Amino acid sequence: VTVSRGMGTGAIGTGTVGTGMVSPAARGPRRGSVSRADAGSTLRLADARPAPLPRTAYDLIADAGRALGLAIRAQAPGERFAAAHLAALRGAAAVLAARARPRRAARGSAWELLPRVAPELAEWAAFFAAGSAKRQAAQAGLPVHVLAREADDMVRQAAAFLDLVDRALAAA
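Residues numbered from 1 in each chain as written. Predicted model: local features only at pLDDT ≥ 70, side-chain atom pairs only at ≥ 80, totals over all residues. Heavy atoms only, no water.

Asker: Can you help me understand the overall build of the chain in this one?
Answerer: What the chain contains, in helices and strands, is 6 helices and 4 strands. Each helix and strand of the chain, placed in order from N terminus to C terminus, yields the pattern β-β-β-β-α-α-α-α-α-α. Classification of the 172 residues of the chain by burial places 33% in the buried group. A separation threshold of at least 6 residues defines the contact pool for the chain, and within that pool the share at least 24 residues apart is 54%. Summed over all atoms, the accessible surface of the chain reaches about 10700 Å², with 57% contributed by carbon and sulfur. (Helix = DSSP H or I, 4+ residues; strand = E, 2+ residues; numbered from the N terminus. Buried < 20%, exposed > 50% of the residue type's maximum accessible area, 1.4 Å probe, protein only. Contact = heavy atoms within 4.5 Å. Areas by Shrake-Rupley, 256 points an atom, 1.4 Å probe, with all protein chains shown as cover.)

Here it is as structure tokens:
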């Protein structure tokens, strides 16, 4: 067994040192496996496959997509606002389901917990937290004045947020 340094592979296998000729078995680790470098064992993080997401996260992101669809189709601004906000809330719950580890001390709304597990979504959490009371009132059937423009803005913001959630979950 010799070390092949040709073409920067650094793989251990059969071949001639420095020629770049390496047998298929010596080309190095497959995607997601551990590579043994000259300096010792290291995990190649770029090649490591992420752990699968919990089923709950998939279900929540699917629910979020359905809620966003309802928001887009809703006629009344209050319904559109509430459905879009609920879609964003389910997206946040999907991130929490994927990244958070249960702790007794971790209590609060999804918008309070989200920045702890996904700091890159902290501004979004603050934005949606500000609209929570209006969504809750609209869902409860209380008279809430929501302008059509405000509802349309919430639909657009929820869609943008869910796109970020999709990317965050794909990277998790």
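Asker: How do you make sense of the side chain of His-85 when you look at a structure like this?
Answerer: Here His-85 lies in helix H2 (residues 77-99). Taking the relative accessible area as the measure of exposure, His-85 reaches 0% and is therefore buried. Among residues more than four places away in sequence, those in contact with His-85 are Trp-111, Phe-128, Gly-131, Ser-132, Arg-135 and Met-154.

Asker: Even after reading the chapter, I still don't get the packing of aromatic side chains, so can you show me in this structure?
Answerer: Aromatic rings considered in pairs are described by the distance between their centres and by the relative angle of their planes. Under the defined criterion, the tally for this structure stands at 7 aromatic pairs. Plain terms: the ring middles of Trp-124 and Phe-128 are 5.9 Å apart, the flat faces sit at 20° to each other, and that makes the pair stacked. Here the residue Trp-124 and the residue Phe-128 both occupy positions in helix H4 (residues 122-130), the gap between them amounting to 4 residues, near one helical turn. As far as burial versus exposure is concerned, Trp-124 and Phe-128 are alike and both buried. Through successive ring pairs, a cluster of aromatic residues spans Trp-111, Trp-124, Phe-127, Phe-128 and Phe-161. One residue, Lys-134, lies across the ring of Phe-81, its end atom 5.9 Å from the ring centre. (Phe/Tyr/Trp six-rings, centres within 6.5 Å; stacked < 30°, edge-to-face > 60°. Lys NZ or Arg CZ within 6 Å of the ring centre and 35° of its normal.)

Asker: When you look at the pattern of salt bridges in this model, what are you seeing that I'm missing?
Answerer: A pair can form between side chains of opposite charge whenever their charged atoms are brought close. The final tally for this structure, using the stated rule, is 7 salt bridges. A salt bridge links Asp-63 to Arg-66, with the shortest nitrogen-to-oxygen separation between them at 2.3 Å. Note that Asp-63 and Arg-66 are positioned in helix H1 (residues 55-73) at a spacing of 3 residues, about one turn of the helix. As a salt-bridge pair, Arg-149 and Asp-153 come within 3.7 Å of each other at their nearest N and O atoms. Residue Arg-149 and its partner Asp-153 are both found in helix H6 (residues 148-171); the two are separated by 4 residues, about one turn of the helix. (Salt bridge = Lys/Arg side-chain N within 4 Å of Asp/Glu carboxyl O.)

Asker: Quick question: what am I supposed to make of the nonpolar core here?
Answerer: Most often, soluble globular proteins keep nonpolar side chains buried together rather than apart. One finds Val-95, Trp-111, Leu-114, Leu-121, Phe-128, Phe-161 and Leu-169 to be the most contacted residues of the largest nonpolar core, which totals 35 residues. Elements that contribute at least two residues to this core include exactly H1, H2, helix H3 (110-117), H4 and H6. In terms of residues, this core owes the most to one element, H2, which gives 10 residues. If we skip the residues at most four places from it in the chain, Trp-111 touches His-85, Ala-88, Leu-89, Ala-92, Ala-125, Phe-128, Ala-129, Ser-132 and Phe-161. (Core = buried A, V, L, I, M, F, W, Y, C linked by side-chain atoms within 4.5 Å.)

Asker: Looking at this structure, how should I read the environment of Ala-76?
Answerer: Locating Ala-76 in the fold gives a position in the loop between H1 and H2. Sequence separation between Ala-76 and Ala-151 is 75 residues; the distance between their C-alpha atoms is 8.8 Å.

Asker: When you look at the environment of Leu-89 in this model, what are you seeing that I'm missing?
Answerer: Checked against the element boundaries, Leu-89 lands in helix H2. Taking C-alpha positions, Leu-89 is 7.2 Å from Ala-110, a pair spaced 21 residues apart along the chain. Residues within four places of Leu-89 in sequence aside, it is in contact with Ala-110, Trp-111 and Arg-135.

This is a description of form; function is not addressed.
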